[in-house]
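# Inside the fold
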Amino acid sequence: MADPTPSSKPRLSVRLRSDWLRGSLRVDLIRHHTLIGLVQHWAEDDARADVITQLDALAEAVASPREGEVDALTEAVEDAAALDTAEIDISLSDALRLRDELDVAIDRLSRFNPQRIAAVPSLPERRTA
């Protein structure tokens, strides 16, 4: 089945899974910034050793995770690599486009919800508020 919510900017978009049971937010720029931040910090010898140590610990935990361990070790890697918060700035035009994509996703995700009208304001109601 084709993507029911195609985007003009797939690298920053909202879409539905093909079964319409879940949506996903795609923000490739966050991954890009993360990798660039990691590589920039990697260039420092002392920092590289710390990052490698933390990545090795994370790799071991992923093989047989205990509750909360992977999250804690992921944060340790982020700290060792001095990574920024995983966020990006978006323009008004992207915000409006994402809202439209979310409206489509919300409408389809809530199709079996008997209280959908009360729970999810329709597009015209929201835009006039």
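Let me begin by describing the structure that accompanies this report.

Cut-off values and rules
- Residues numbered from 1 in each chain as written.
- Predicted model: local features only at pLDDT ≥ 70, side-chain atom pairs only at ≥ 80, totals over all residues.
- Heavy atoms only, no water.
- Helix = DSSP H or I, 4+ residues; strand = E, 2+ residues; numbered from the N terminus.
- Buried < 20%, exposed > 50% of the residue type's maximum accessible area, 1.4 Å probe, protein only.
- Contact = heavy atoms within 4.5 Å.
- Areas by Shrake-Rupley, 256 points an atom, 1.4 Å probe, with all protein chains shown as cover.
- Expected span 1.5 Å × (residues − 1).
- Core = buried A, V, L, I, M, F, W, Y, C linked by side-chain atoms within 4.5 Å.

## Brief notes about the overall build of the protein chain
Check the secondary structure of the protein chain and you find six helices and two strands. Element order for the protein chain, N to C, with α for helix and β for strand: β-β-α-α-α-α-α-α. Here the protein chain holds 129 residues, and 21% of them are scored as buried. Within the protein chain, counting contacts between residues at least 6 apart in sequence, those at least 24 apart form 50% of the total. Total accessible area on the protein chain stands at roughly 9400 Å², and carbon and sulfur atoms take up 56% of it.

## Looking at helix H1 (residues 28–42)
Under the 1.5 Å per step criterion, the end-to-end length of H1 is 21 Å for 15 residues, consistent within 8% with the ideal 21 Å. Asp28, Gly37 and His41 are the residues of H1 that are buried. Where H1 is buried, its residues touch strand S2 (23–27), helix H2 (45–63) and helix H3 (69–80).

## A word on the nonpolar core
Counting residues in each nonpolar core, the largest one holds five residues, listed as Leu12, Val14, Leu16, Leu98 and Ala105. Listed by contribution, the elements that provide at least two residues to this core are strand S1 (12–16) and helix H4 (92–109). For this core, the element with the most residues is S1, which contributes three residues.

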